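Spelled out from the first residue to the last, the chains are:
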Amino acid sequence: MTMPAPRVAPLRADCLADSAGGLTFDVTARGTSDVAHLVLRRREGHEERGGHEEVALPLVPAGDGRLRAALPSTVALPEGRWDAYVCVADDEPRRLVPGATDLRSLAARTPSGSRGHVAVRIPYATRQGNLTVRSWLRAPHAEAGDLRLEDTGLTVRGRVYGTCLTPDAYAELRDRHSVGTAHRVEVAVDQDGFDLSVMYAPLAPGIWDLWLRPGGAAGPRVRIARLLDDVADKKAVLTYPRTRVGTPHGPVEAGPYFTRDNDLSVSVRRAGD
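Residues numbered from 1 in each chain as written. Predicted model: local features only at pLDDT ≥ 70, side-chain atom pairs only at ≥ 80, totals over all residues. Heavy atoms only, no water.

Visitor: Quick question: what am I supposed to make of the overall build of the protein here?
Guide: Along its length, the protein carries 1 helix and 20 strands. Along the three orthogonal principal directions, the C-alpha set of the protein runs to about 70 × 50 × 35 Å. Put simply, of all contacts in the protein between residues at least 6 apart along the chain, 62% involve residues at least 24 apart. Of the roughly 14,100 Å² of accessible surface on the protein, a fraction of 50% belongs to carbon and sulfur atoms. If you average the places of the 36 positive and of the 35 negative side-chain charges in the protein, the two averages end up 2 Å apart. (Helix = DSSP H or I, 4+ residues; strand = E, 2+ residues; numbered from the N terminus. Contact = heavy atoms within 4.5 Å. Areas by Shrake-Rupley, 256 points an atom, 1.4 Å probe, with all protein chains shown as cover. Lys, Arg positive; Asp, Glu negative; His and termini not counted. Charge placed at Lys NZ, Arg CZ, Asp CG, Glu CD.)

Visitor: Any chance you could explain a negative patch on the surface here in plain terms?
Guide: Residues Asp34, Asp90, Asp91 and Glu92 make up a contiguous surface patch of negative charge. If you trace the backbone, aspartate 34 turns up in the loop between β2 (23-28) and β3 (36-42). Note on aspartate 34: relative accessible area 48%, which makes it partly exposed. (Patch = residues over 30% accessible without salt bridge, like charges linked within 9 Å, V, L, I, M, F, W, Y side chains within 5 Å. Salt bridge = Lys/Arg side-chain N within 4 Å of Asp/Glu carboxyl O. Buried < 20%, exposed > 50% of the residue type's maximum accessible area, 1.4 Å probe, protein only.)

Visitor: Help me understand the pattern of salt bridges, please; the structure alone is not making it clear to me.
Guide: Counted under the stated rule, the structure contains 23 salt bridges. Salt-bridge contacts for arginine 41 lead to glutamate 54; the nearest nitrogen and oxygen are separated by 2.8 Å. Taken as a pair, arginine 41 in strand β3 and glutamate 54 in strand β4 (residues 53-58) lie far apart in primary sequence, 13 residues in all. Among the salt bridges present, the one from arginine 43 reaches aspartate 83, with a minimum N-O distance of 2.9 Å.

Visitor: Please explain the state of the cysteines as it appears in this structure.
Guide: Linking two cysteines covalently through their sulfur atoms gives a disulfide. This structure, assessed with the given rule, holds 0 disulfides. Cysteine 15 carries a free sulfur, and the closest cysteine sulfur to it, the one in cysteine 87, is 16 Å from it. Owing to a relative accessible area of 17%, cysteine 87 belongs among the buried residues under this scheme. (Disulfide = S-S within 2.5 Å.)

Visitor: It is not clear to me how the confidence of the model for the protein should be interpreted in this structure. Could you clarify?
Guide: Low pLDDT marks regions whose predicted coordinates should not be analysed in detail. Across the protein, the average pLDDT comes to 89, with 92% of residues at 70 or higher. Per-element mean pLDDT across the protein ranges from 88 in helix α1 (residues 104-107) up to 98 in strand β17 (residues 222-225). Counting contacts from residues 46-50, a segment whose pLDDT is below 50, to residues more than four positions away or on other chains yields 7 contacts. (pLDDT = per-residue confidence, 0-100.)

Visitor: Help me understand the side chain of serine 73 in this model?
Guide: In this fold, serine 73 is placed in the loop between β6 (66-71) and β7 (80-88). Overall, serine 73 belongs to the buried group, its relative accessible area being 16%. In this view, serine 73 contacts Ala20, Gly21, Gly22, Arg115 and Arg121; residues no more than four positions away in its chain are not counted.

Visitor: What is the right way to look at the packing of aromatic side chains in this model?
Guide: Aromatic ring pairs are reported here in terms of the distance separating the ring centres and the angle at which the planes meet. Considering all chains together, one arrives at 1 aromatic pair under this definition. With 6.4 Å between their ring centres and 55° between their planes, tyrosine 240 and phenylalanine 258 make a pair best called tilted. Of this pair, tyrosine 240 sits in the loop between β17 and β18 (243-245) while phenylalanine 258 sits in strand β19 (residues 252-258), and the two are 18 residues apart along the sequence. Owing to a relative accessible area of 0%, phenylalanine 258 belongs among the buried residues under this scheme. Its end group placed over the ring of tyrosine 85, arginine 95 keeps NZ or CZ at 5.3 Å from the ring centre. (Phe/Tyr/Trp six-rings, centres within 6.5 Å; stacked < 30°, edge-to-face > 60°. Lys NZ or Arg CZ within 6 Å of the ring centre and 35° of its normal.)

Visitor: Is there a simple way to explain unusual backbone geometry in this structure?
Guide: Negative phi is the rule for most residues except glycine; trans is the rule for most peptide bonds. At the junction of alanine 139 and proline 140, the peptide bond is cis and its omega measures out at -10° in the coordinates. You can see proline 140 is positioned in the loop between β10 (131-138) and β11 (141-149). Even without being glycine, aspartate 64 reaches a positive phi, approximately 60°. On the accessibility criterion, aspartate 64 (61% relative accessible area) is exposed. Positive phi, close to 65°, is recorded for asparagine 262, a residue that is not glycine. As for its position among the elements, asparagine 262 is in the loop between β19 and β20 (264-270). Residue classification places asparagine 262 among the buried residues on the basis of a relative accessible area of 0%.

Visitor: Which parts of the structure should I look at to understand the environment of glycine 246?
Guide: Within the secondary structure, glycine 246 is located in the loop between β18 and β19. Dropping the residues within four chain positions of it, glycine 246 is found in contact with Ala201 and Pro251.

Set out below in structure tokens:
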């Protein structure tokens, strides 16, 4: 009778975020004396270096049988989802699972924007219970703050990083599935950021993505998103009620939502659909 192979206990990594946007990983790996690395492997079709784009971080002894790897904010991590593994010598990489996670510093983080970009890394548990890091790298970046829901629309308070707001600034609602279809939205600018109001009545049923033109028509188009906190997937966490309004296309139900990438959009659907 063949006995089943013994189950190997998963390797756990405690994660600590710092106020600059860096991450520290403490891996419980007692008995490991060989050279080891924590490897972040980018998924979703990004392929380099023999099939995967990877970032390897040395794991060094940190006492009490733990190994530590650091991902400082100065190390570039392109936007995407990065699965975490431990590689020891020539062994096969082992998937990491999350241990204790301390992301309190992310909730109060206010980047200077002096580097011309905003870098955000948030570790989280996947549906399978594995450790993955969601990374954003936006240059420039428009951060959505408070959303105020009204009977006829939505008001957004925001802030810009990596570029300047000018008196010519405005926003655009762009139909995701119809190239060239957009509605201009006026923006009020002050020294701390911007305010804009979205009216639902002019919008046809569909998904409308919200963009900022901080320098007017001659400047960049910047996706408005909420990245500067500790929530990796806001679509599943932050939900907003819909408002029923009359439009030239008939009655609709409309409301804001955050996409899978934490970008801000407005969903409009025919009433009763």
